Amino acid sequence: MAFGRLEKPEASRPMSDINMTPLIDVMLVLLVIFMITAPLMTASLRLDLPNSDAATPSDAPSFIAVAITPDGKLHIGEDELAPQAFQQRMADLGRANAQLEVQLRADRTVPYGQVAELIGWVQAAGLNRIAFVAQAAASAP
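Every chain begins its residue count from 1, and numbering advances along the sequence as written. Where totals are concerned, whole chains, interfaces and linings use all residues; where local detail is concerned, this predicted model gives features only for residues with pLDDT of at least 70, and gives and counts side-chain atom pairs only at 80 or more. Note that water and hydrogens are dropped before the side-chain values are worked out from all heavy atoms of the structure.

## Examining the overall build of the protein
Helix numbering and strand numbering both begin at the N terminus, where a helix is a DSSP run of H or I of at least 4 residues and a strand a DSSP run of E of at least 2. For the protein, the count of helices and strands is three helices and six strands. N-terminal to C-terminal, the α/β element order of the protein is α-β-β-β-β-α-β-α-β. Taking all 141 residues of the protein together, 19% fall into the buried category. Taking all contacts inside the protein whose residues are at least 6 apart in sequence as the whole, residues at least 24 apart take part in 72%. Between buried and exposed lies partly exposed: a residue is buried under 20% and exposed over 50% of the maximum accessible area for its type, with that area taken using a 1.4 Å probe on protein chains only. The contact criterion used throughout is that any non-hydrogen atoms of two residues lie within 4.5 Å.

Now the structure itself:
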């Protein structure tokens, strides 16, 4: 009869090192997400909204007044324009001076969609400085 050793063979030892591969993978995914979203945050719409009940005029040296009436008519200064003519005029102004501020006056009854479309046209023309003009609230005596 053959006898084997009574000693147990040494079992493999548990791994005590941290596996860094999943941590590195998560870090790289987050890096890619931030690289994609960072340029989008800088291209957001910049608004100059009043901080109090009283609306204050802007101190921008060069601006153009844009208005939309309750019936949807577009105005640049005092001139009433059709939508295509408005877009063309905005493109011309954007090429001439990209730092030009657009002061938007919209009647409170104008639907949000029309105002958003107007802002899109202004941004497509290369004008990113848009200020919403508000009327000062009447103060209580």
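That covers the picture; the talk isn't over yet.
## A word on the side chain of H75
In this structure, H75 sits in strand 3 (residues 74–76). Here H75 falls in the buried class, since its relative accessible area comes to 17%. In this structure, H75 is in contact with A65, V66, A67, T69, E80 and F86, ignoring residues within four places of it in sequence.

## Section: the pairing of strand 6 (residues 129–132)
Where strand 5 (residues 101–106) lies against strand 6, four bridges are found, and the strand directions are parallel. Bridge assignment links E101 to a residue of strand 6, and that residue is R129. Chirality of the crossover, the property in question, places the unit of strand 5, helix 3 (residues 112–124) and strand 6 among those that are right-handed. Two strands make a pair as long as DSSP finds a minimum of two bridges between them. Looking down the strands as they point away from the viewer, one classifies a crossover as right-handed if the path from the first strand across the helix to the second runs clockwise.

## A short note on the pattern of salt bridges
What makes a salt bridge here is a side-chain nitrogen of Lys or Arg within 4 Å of a carboxyl oxygen of Asp or Glu, nothing more. Evaluated as defined, the whole model comprises four salt bridges. Taking the shortest distance from any N to any O, the salt bridge between D71 and K73 comes out at 3.8 Å. According to the relative accessible area criterion, D71 is exposed, its value standing at 55%. The class of K73 is partly exposed, set by a relative accessible area of 38%. Notably, a salt bridge pairs R95 with D92, separated by 2.5 Å at the nearest N-O pair. Here R95 pairs with D92, and both are found in helix 2 (residues 83–96), just three residues apart, close to one helical turn.

## Regarding helix 3
Between the first and last C-alpha of helix 3 there are 18 Å, a value that for 13 residues agrees with the 18 Å anticipated at 1.5 Å per step. V115, L118, I119, W121 and V122 are the residues of helix 3 that are buried. In an axial view of helix 3, the angular spread of the buried residues amounts to 155°, which keeps them on one side of the axis. Exposed residues on helix 3 whose side chains face more than 90 degrees from its buried face are Y112 and A124. With its phi angle positive at about 95°, G126 sits one or two positions after the end of helix 3. To estimate the expected span of a helix, count its residues, drop one, and scale the result by 1.5 Å. For this quantity, the arc is that covered by the directions from the helix axis to the C-beta atoms.

## Focus: the nonpolar core
Side chains of a nonpolar character, in soluble globular proteins, are inclined to be buried together. Membership of the largest hydrophobic core comes to 20 residues, with the highest contact counts inside it found for I64, V66, F86, M90, V102, L104 and L118. When contributions to this core are tallied by element, the ones reaching two or more residues are strand 2 (63–68), strand 3, helix 2, strand 5 and helix 3. The element contributing the most residues to this core is helix 3, with five residues. Beyond its immediate sequence surroundings of up to four residues, V102 is in contact with I64, V66, V122, L127, R129, I130 and A131. Take the buried Ala, Val, Leu, Ile, Met, Phe, Trp, Tyr and Cys residues and link them wherever side-chain atoms come within 4.5 Å; each set so joined is a nonpolar core.

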